[in-house]
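The chain contents come next:
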Amino acid sequence: MCSVCRRNPCAAGCPNAEEPKPIHICKECGYGIYEGDYYYDGPDGYYCEECLEDMSVKELVELLGDELKTA
């Protein structure tokens with residue numbers, strides 16, 4: 001039993017708690033994607049919500065396997 005939070009295993013907010021393990025790694029930034037996070041599961045890897053939000057419309061369309069057309 002933990003001497004700080006008095007639980008076994010430790011509560012999430014306890015300083016003795018283990019770091020959560022990522023479920024996936026973002027292909028763009030390399031950071032972990034954790035339980036409860038939004039992400040895109042593409043054919044070439046996983047992309048976290050933050051990286052998707054930083055992409056231009058053109059980049060997103062290409063990521064989805066298509067391309068923008070010119071009139």
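This text goes with the structure placed above it.
Residues numbered from 1 in each chain as written. Predicted model: local features only at pLDDT ≥ 70, side-chain atom pairs only at ≥ 80, totals over all residues. Heavy atoms only, no water.

Chemist: Looking at this structure, how should I read the pairing of strand 4 (residues 45-48)?
Modeler: The two faces of the sheet receive side chains in turn, since in a regular strand these alternate between them. By the bridge criterion, four bridges tie strand 3 (residues 39-42) to strand 4 in an arrangement that is antiparallel. By the bridge assignment, Gly42 is partnered in strand 4 with Gly45. A loop of two residues connects strand 3 with strand 4, the two strands running antiparallel in sequence. (Pairing = 2+ DSSP bridges. Helix = DSSP H or I, 4+ residues; strand = E, 2+ residues; numbered from the N terminus.)

Chemist: Where do I start with the side chain of His24 in this structure?
Modeler: By the element assignment, His24 lies in strand 1 (residues 24-25). A distance of 3.5 Å separates a polar atom in the side chain of His24 from a polar atom in the side chain of Tyr39. Setting aside chain neighbours within four positions, we find His24 in contact with Tyr31, Gly32, Ile33, Tyr39 and Tyr46. (Polar contact = N/O pair within 3.5 Å; in protein donor to acceptor, adjacent residues only side chain to side chain. Contact = heavy atoms within 4.5 Å.)

Chemist: Mind showing me how you'd approach the environment of Thr70 here?
Modeler: In this fold, Thr70 is placed in the segment after helix 2 (57-63). Between the alpha carbons of Thr70 and Asn16 there is a distance of 56 Å; along the sequence they are 54 residues apart.

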